[in-house]
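# Chain and residue survey
Chain by chain, the residues:
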There are 2 protein chains.
Amino acid sequence: MNRSQEIRPIEHNEISVLNKTMAEKTVLLRARLHTSRGKGKQAFFVLRNRQHTVQCVLAVGDNVSKQMIKFVCNITKESIVDVQGKVVEVEQKVEACSVQDVELHVTDVFVVSAASPRLPLQIEDAMRPDTEDPEGLHIKVNQDTRLDNRILDLRTPTNQAIYRLQAGVCHQFREALKAKGFTEIMCPKLISAASEGGANVFGMKYFEKEAFLAQSPQLYKQMAIASDFEKVFTIGPVFRAENSNTHRHLTEFVGLDLEMAFTHHYHEALKVIGDLFTSIFRGLRDEHTGDIETVNKQYPAEPFKFLDPPLCLSYKEGVAMLKEAGIEMEETEDLSTPNEKFLGKLVKAKYDTDFYILDKYPLAVRPFYTMPDPENPKWSNSYDMFMRGEEILSGAQRIHDADFLVERAKAHGIPIDTIQSYIDSFKYGCPPHAGGGIGLERVTMLYLGLDNIRKTSMFPRDPKRLTP
Amino acid sequence: MNRSQEIRPIEHNEISVLNKTMAEKTVLLRARLHTSRGKGKQAFFVLRNRQHTVQCVLAVGDNVSKQMIKFVCNITKESIVDVQGKVVEVEQKVEACSVQDVELHVTDVFVVSAASPRLPLQIEDAMRPDTEDPEGLHIKVNQDTRLDNRILDLRTPTNQAIYRLQAGVCHQFREALKAKGFTEIMCPKLISAASEGGANVFGMKYFEKEAFLAQSPQLYKQMAIASDFEKVFTIGPVFRAENSNTHRHLTEFVGLDLEMAFTHHYHEALKVIGDLFTSIFRGLRDEHTGDIETVNKQYPAEPFKFLDPPLCLSYKEGVAMLKEAGIEMEETEDLSTPNEKFLGKLVKAKYDTDFYILDKYPLAVRPFYTMPDPENPKWSNSYDMFMRGEEILSGAQRIHDADFLVERAKAHGIPIDTIQSYIDSFKYGCPPHAGGGIGLERVTMLYLGLDNIRKTSMFPRDPKRLTP
């Protein structure tokens, strides 16, 4: 067992660098034993390091004894090993490995960390493409088995790629906003009052008081604006005690939130958010090309299409498209989830984009703090954004005037005393502002065209799952 | 009220750009009315935008009526106004403002958002330096008043600077680790079991089950390592239900956590973490020079000193320094908080650094999952790091072998069934690894030499405070 016995220079090589130019060189690798089989005086095995694999051969000879062959054949799959050997060019490509032009003729094998002989799932099964073997003769791993044994499941090339790309979403989000003068802030998750009537909120004992988990950082973003931070963003967990067991709901997810003061019109913010998505999509496409390919091999999907600048339709136009396609609905009626999906298809067919903005929602379907349209009380200064027909951002110009906020809350039948501290935030001068919140796991899921949000949350939480 | 009536180009100027070269030009500003006073046919007022202030003069004349003077004198402090005027060079520097060479001769004033006439605290009081008026003849604002009225308090130049610098800590942390091949991950905050015996943990009802708030992302970082992510970091809230009412404890704070697989020795990780701090300190010094100066004006402090590479002492050496200075203690006794502080002073005097690493802690004072020293069971492969004599990182090589983990848990008297899922994470092969966790608010506090962690948490949470 490594207990840091010795400080030594690191001479290990990465599997990914092995190729013909290294032929005849001796290399040292640390990797997992992916598969192995003995065959008389030889052992064949594959080493894996993240998405990279290489074939290895061990044969009885000058430096290799029969005992050693036996020892190696008994090493359990998924064990971590240090392997030394010579890089040898192969005549026929090794189709099953990522390193195809060379193999390793091994002289030494040392077990760094042994895996238990019985694995609850096999990595080869977990990485099998959805397209392969459609008749289902091969074993596939179902989602609960994957999630119950997440540390094994996460080792597949697809999962390695998904979470590298997800880190990329956060990176692109921050870089794009920092470049526009935004400041990152941290918002508390423990709050004293359940927002919006207390539905779907987790509550707990907090010393002598009661506390709740924040369902969104919105109040705090708005307070930062009222405190002159002008443009802010925050990334953090968001909690919803909603008993929804669907492909796109989690009880804990990561929110990418932003809020900004604007000068004249909330479309200044709308443009910033639209451009933000363009930056994210472009960044993912250009900096995660390999990750996208890796995921597509297991879960095929159409490439994500977007326009620059993004397409922006009014709600009215969206409803008109649906009506033209035969959907019966009122102009100010809320969009049902199936209608959202359908509108996404119509938009894709007409404009060839998987991302678009729907602006000027009916006032009646938005929260009380949404700024009504200045000319027509039917509409509001609010918007949703969609990826592949699913909502991934909801936002609006917020009411920044305390008196008007009271008026609108009363119109919604909300008792003023329950939101007094929210209202008070706007009593000492607040610039007009707008913003929105994005669900990280949804962006990753929809960008990659995956079918379930549990594929894009490393340790997902839903009403039935709180482990691992 | 701005309800986005009109899309217009933004022609507003920033206060910060005003100077002599703009003399005689007409400019348009949006800012807060910081102070104002009328004097016969004139009104004098100061506009403020974040840390920038400019003096304005309004005088009865061709374009300005007596009514307008009256109107402006009645605008409440902290209101947001649009002001148009001519930039005029002044003979004598305006000492009270950040713009000192010019003032604004105003022609138009428009109220964008009016503040309530009674402010619970005055910004001039909240921004008064600790050094000014030591006899206390002027009003100062106490901490609870500040925190109760945080949206006003956060408008002071000092607070604007503190939170810009704090965003810089996160930025430097991420950039330094990304450059070394780390991947950002997201760890769940809702967990199914209270870690380490359930002390100091917030619990809540979770549908039909019970859930707890994570006290650290450590298990999840380690699972990511066992899942081949190799080097990971995560930034997120950390919760401690500890009834500590001190200058440095919060019930919710932001953890900057990292974990990495190493090849031979945990000092590979120690070096990465040490260099990370050097990057953070250098980044803050070079990219937040103005912010540091601003904070120091209100809260004077010695500049933060650091060495490159950082100083690393063994625990044994640290204890020897304390003993030499007259402290009586055993070599393997834990460091009390006063002794930590005192050692920091001794280190500063001897090595002229405010940051140092203390390596190889006594095994007995560390958690069960800490890897013991390979040669002497008295010591362990663990370390703390200090800023100005206060601990800001605790870390170690973790035990990566399931059997040995069981052995060590038993030695600590921990019932194995309570930590079975933690142990199981290491059953399928796990590389040797080490890491640590940093408290964001503490880094900001100690870097700036501030006296209370509530100064570096935008909306602090402690046993007595859950609002705003």
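Every value quoted in this text rests on a predicted model; they were computed, and no experiment measured them. (Residues numbered from 1 in each chain as written. Chains lettered and ligands numbered in written order. Predicted model: local features only at pLDDT ≥ 70, side-chain atom pairs only at ≥ 80, totals over all residues. Heavy atoms only, no water.)

Here we come to the pairing of strand S12 (residues 311-314) of chain B. Moving residue by residue along a regular strand, the side chains alternate between the two faces of the sheet. Residue and element names in this part refer to chain B. Burial of the side chains of S12 is restricted to one face: Leu311 and Leu313 are buried, whereas none of Cys312 and Ser314 on the reverse face is. Bridging between S12 and strand S13 (residues 355-359) involves four bridges; their strand directions are parallel. Looking at S13, one finds that Leu311 is bridged to Tyr356. (Buried < 20%, exposed > 50% of the residue type's maximum accessible area, 1.4 Å probe, protein only. Helix = DSSP H or I, 4+ residues; strand = E, 2+ residues; numbered from the N terminus. Pairing = 2+ DSSP bridges.)

To continue, consider the relation of the copies chain A and chain B. In the superposition of chain A on chain B (RMSD 0.0 Å, axial shift 0.0 Å), the rotation amounts to 180 degrees. Considering both components of the superposition, the chain copies are consistent with a two-fold axis. The C-alpha atom lying nearest the rotation axis in chain A is that of Met204(A); the distance is 2.4 Å. Both copies share a contact surface, since 100% of the interface residues of chain A are interface residues in chain B too. (Least-squares fit on C-alpha atoms with pLDDT ≥ 70 in both. Contact = heavy atoms within 4.5 Å.)

To continue, consider the interface of chain A and chain B. Taken together, the 112 residues of chain A in the interface contact 112 residues of chain B. Buried surface at the junction of chain A and chain B, both sides included, amounts to about 9,400 Å², of which 60% is carbon and sulfur. Among the ionic pairs, Glu184(B) bridges to Arg174(A), the shortest N-O distance being 2.7 Å. At the junction of chain A with chain B, the criterion picks out 68 residue pairs in polar contact (both at pLDDT 80 or more). It is helix H5 (residues 157-179) of chain A that contributes the most residues to the side of chain A that touches chain B, ten residues altogether. The residue inventory of the side of chain A that touches chain B, partitioned by class, reads 53 nonpolar, 26 polar and 33 charged. (Buried area = accessible area lost by both parts, 1.4 Å probe. Salt bridge = Lys/Arg side-chain N within 4 Å of Asp/Glu carboxyl O. Polar contact = N/O pair within 3.5 Å; in protein donor to acceptor, adjacent residues only side chain to side chain. Nonpolar A, V, L, I, M, F, W, Y, C, P; charged D, E, K, R; others polar.)

Turning our eyes to something else, we now look at the confidence of the model for chain A. Residues with a pLDDT of 70 or more make up 98% of chain A, whose mean pLDDT is 95. Overall fold confidence for the complex sits at a pTM of 0.96, while the interface term, ipTM, reaches 0.96. (pLDDT = per-residue confidence, 0-100.)

Right, let's talk about helix H5 (residues 157-179) of chain B for a bit. Taking 1.5 Å of rise per residue, the 23 residues of H5(B) would be expected to cover 33 Å, and the 33 Å separating its terminal C-alpha atoms lies within 8% of that figure. H5(B) sits mainly inside the fold: 20 of its 23 residues count as buried. (Expected span 1.5 Å × (residues − 1).)

Residue and element names in this part refer to chain B. One pass over the full model with this rule turns up 70 salt bridges over all chains. Between Arg150 and Asp153 there is a salt bridge, and its shortest N-O distance comes to 2.8 Å. Note that Arg150 and Asp153 are positioned in helix H4 (residues 150-153) at a spacing of three residues, about one turn of the helix. Across this residue pair, the class does not change: Arg150 and Asp153 are buried.

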